[in-house]
Amino acid sequence: MNKKLKVVMTVKLPDGVETRFRELFNTTLWLTKDPMPREKMIEAAQTAEVLVSSINDRIDADFIDACGEQLKMIANFGVGYDHIDVAKAVEKGIIVTNTPGVLTEDTAEMTMGLIIAVARRFVEGAETVQRGEFSAWSPTFMMGRRIYGKRLGIVGMGRIGQALARRARAFGMQVHYHNRKPVSQRISDELEATYWDDLDQMLSRMDVVSINAPGGPNTFHLLDAERLAKLQPHAILVNTARGQIVDEEALAHLLRGNKIAGVGLDVYERLPGINPELFGLPNAVLLPHMASSTIEARTDMGDRVILNIKTLQDGHRPPDRVIPAML
């Protein structure tokens with residue numbers, strides 16, 4: 001029987017997932033919901049064989065240099081890995097893994113929900129009732145815009161982008177997308193999707209734009225001030241991918257100037273910090289990074305982390321390795 005790997009967790013996970021970790025590995029849990037302090041992480045990395053991390057952890061070159069020689073893997077609890085210096089880790093012989101494919105449906109659901117919430121002014125309406133300010137119906141009260149028949153431009157047509165497109169089609173929206181390359185003809189036909197190789201051209205024609213691209217240096221400020229200015233005044237922008245893809249300061253400026261109709265954001269450029277210029281705007285629906293916050297998703301993520309560590313423990317190659325060529 002293989003020796004159990006020494007696993008240290010830097011993040012609090014659901015009880016059922018943690019119990020499974022304790023059964024399979026020599027696991028040290030992190031029992032508070034606050035992120036593990038950096039000095040504690042460095043201590044852990046000097047004794048652990050596997051470090052289970054999350055997006056809250058900054059695993060840069062200096063951190064990796066401080067890791068002990070025994071560290072075999074950084075198993076990230078999440079899909080994104082732009083907070084990890086993957087190239088440096090691989091150079092030191094440390095395997096990096098993530099949890100792809102388990103957040104698709106949940107994130108697509110949240111994205112569709114944000115599109116509808118912004119267009120139909122759900123949050124404004126709910127707050128009006130909660131404040132006791134709703135006294136009578138009138139034909140011009142709280143008017144939003146229908147999404148049926150509107151053009152949705154998806155920036156990034158991977159798993160989540162495609163799942164969003166299927167939902168949008170069910171609501172009668174017309175699907176357009178920008179990607180590094182077109183999706184297969186089969187998927188394009190299924191979604192009745194129009195491909196744009198020129199992002200600027202697509203942005204200027206859409207009623208709703210959804211950001212579903214991966215993070216990283218190649219997409220940093222992909223929607224900068226110049227690109228954001230191409231959006232139509234009635235357009236809605238939704239981002240449930242990575243905050244750094246959008247210039248948050250420029251976006252706040254557009255909103256305050258009524259240059260676009262509204263935004264729905266679940267991610268922010270300096271998470272967990274949020275640009276204060278976005279606060280207090282009736283046309284901004286701001287969520288606390290909760291697109292994947294379902295019981296099912298968190299359990300599936302934990303199972304995926306366990307699979308990667310168990311595969312390593314059994315002497316095989318983990319299935320969800322992140323390598324520099326993917327950056």
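Keep in mind the model is a prediction, meaning the values are calculated, not measured.

Topic: the sheet that holds strand β5 (residues 95-97)
No. 1: Pairing within the open sheet is mixed, and its six strands lie in the order β2-β1-β3-β4-β5-β13. A single partner strand is all that each edge strand has here, and the edge strands are β2 (26-28) and β13 (321-322).
No. 2: The pairing of strand β4 (residues 73-76) with β5 spans three bridges and is classified as parallel. Residue Met-73 lies in a different strand from β5, and its bridge partner there is Ile-95.

Quick word on the domain arrangement of the chain
No. 1: Each assigned domain of the chain is listed here: domain 1 (6-98 + 294-326) and domain 2 (104-286).
No. 2: The C-alpha-based centres of domain 1 and domain 2 are spaced at 32 Å.
No. 3: Regarding the contact of domain 1 and domain 2, the summed buried area is about 390 Å², with carbon and sulfur atoms giving 50% of it.
No. 4: The three residues of domain 1 that bury the most area against domain 2 are Ile-55, Asp-82 and Thr-294, which together make up 75% of that side's buried surface.
No. 5: Put simply, domain 1 and domain 2 have one salt bridge between them.
No. 6: Counting across the interface, domain 1 meets domain 2 through two residue pairs in polar contact (both at pLDDT 80 or more).
No. 7: Class assignment for the residues of the side of domain 1 that touches domain 2 results in two nonpolar, two polar and one charged.

Some words on helix α1 (residues 15-24)
No. 1: Of all the positions in α1, only Val-17, Glu-18, Phe-21 and Leu-24 are classed as buried. Axial view of α1: buried residues confined to an arc of 130°, hence all on one face. Opposite the buried face of α1, by more than 90 degrees, sit the exposed residues Asp-15 and Gly-16.
No. 2: The secondary structure elements touched by the buried residues of α1 are β1 (6-9), β2, β3 (50-53) and α12 (295-313).

Observations regarding the UniProt feature "domain: D-isomer specific 2-hydroxyacid dehydrogenase NAD-binding" (unreviewed entry) in the chain
No. 1: According to UniProt, the positions carrying the feature "domain: D-isomer specific 2-hydroxyacid dehydrogenase NAD-binding" (unreviewed entry) are residues 112-291.
No. 2: Here residues 112-291 runs as 31% helix and 15% strand, with 11 Å between its end C-alpha atoms.

Notes on the pairing of strand β11 (residues 262-265)
Taken residue by residue, a regular strand's side chains alternate between the two faces of the sheet.
No. 1: Judged by which residues are buried, β11 turns out to be covered on both faces: Gly-262 and Gly-264 on one side and Val-263 and Leu-265 on the other are all buried.
No. 2: Here strand β10 (residues 236-239) pairs with β11 via four bridges, running parallel. Bridge assignment links Leu-237 to a residue of β11, and that residue is Val-263.
No. 3: In this fold, the crossover linking β10 to β11 by way of helix α11 (residues 248-256) has right-handed handedness.
No. 4: Both β11 and strand β12 (residues 284-286) contribute to a ladder of three bridges, which runs parallel. Of the residues in β12, the one forming a bridge with Gly-264 is Val-285.

Quick notes on the pairing of β1
No. 1: The pairing of β1 with β2 spans three bridges and is parallel. The residue of β2 that forms the bridge with Lys-6 is Asn-26.
No. 2: At this point the chain moves from β1, through α1, to the parallel β2, and the crossover so formed is right-handed.
No. 3: When β1 meets β3, the two strands line up parallel, connected through three bridges. Looking at the pairing, Val-7 lines up with Val-50 of β3.

What to know about the packing of aromatic side chains
No. 1: Applying the stated criterion across every chain, the model contains three aromatic pairs.
No. 2: Taking 5.2 Å as the distance between ring centres and 45° as the angle between the ring planes, the aromatic pair formed by Tyr-177 and Tyr-195 counts as tilted. Placement of the pair is Tyr-177 in strand β7 (residues 174-178) and Tyr-195 in strand β8 (residues 194-195), with a sequence separation of 18 residues.
No. 3: Residue class for Tyr-195 comes out partly exposed when judged on its relative accessible area of 28%.

Observations regarding the side chain of Asp-60
No. 1: Within the fold, Asp-60 resides in the loop between β3 and α3 (61-66).
No. 2: A distance of 2.7 Å separates a polar atom in the side chain of Asp-60 from a polar atom in the side chain of Arg-38.

Comments concerning the environment of Gly-78
No. 1: Mapped onto the elements of the fold, Gly-78 is located in the loop between β4 and α4 (86-91).
No. 2: When the C-alpha atoms of Gly-78 and Arg-298 are compared, they prove to be 9.2 Å apart, with 220 residues separating the residues in sequence.
No. 3: Beyond its immediate sequence surroundings of up to four residues, Gly-78 is in contact with Asn-98, Thr-99 and Met-301.

Digging into a negative patch on the surface
No. 1: Together, Glu-109, Glu-296, Asp-300 and Asp-303 line one region of the surface with negative charge.
No. 2: No other element matches the three residues that α12 contributes to the negative patch.
No. 3: Within the element layout of this structure, Asp-303 appears in helix α12.

The rules behind the values
Residues numbered from 1 in each chain as written. Predicted model: local features only at pLDDT ≥ 70, side-chain atom pairs only at ≥ 80, totals over all residues. Heavy atoms only, no water. Pairing = 2+ DSSP bridges. Helix = DSSP H or I, 4+ residues; strand = E, 2+ residues; numbered from the N terminus. Domains from an automatic or database assignment. Buried area = accessible area lost by both parts, 1.4 Å probe. Salt bridge = Lys/Arg side-chain N within 4 Å of Asp/Glu carboxyl O. Polar contact = N/O pair within 3.5 Å; in protein donor to acceptor, adjacent residues only side chain to side chain. Nonpolar A, V, L, I, M, F, W, Y, C, P; charged D, E, K, R; others polar. Buried < 20%, exposed > 50% of the residue type's maximum accessible area, 1.4 Å probe, protein only. Arc of directions from axis to C-beta. Contact = heavy atoms within 4.5 Å. UniProt positions renumbered as here; feature names shortened; annotations may be inferred. Right-handed = clockwise from strand over helix to strand, strands pointing away. Phe/Tyr/Trp six-rings, centres within 6.5 Å; stacked < 30°, edge-to-face > 60°. Patch = residues over 30% accessible without salt bridge, like charges linked within 9 Å, V, L, I, M, F, W, Y side chains within 5 Å. Areas by Shrake-Rupley, 256 points an atom, 1.4 Å probe, with all protein chains shown as cover. Lys, Arg positive; Asp, Glu negative; His and termini not counted. Charge placed at Lys NZ, Arg CZ, Asp CG, Glu CD.

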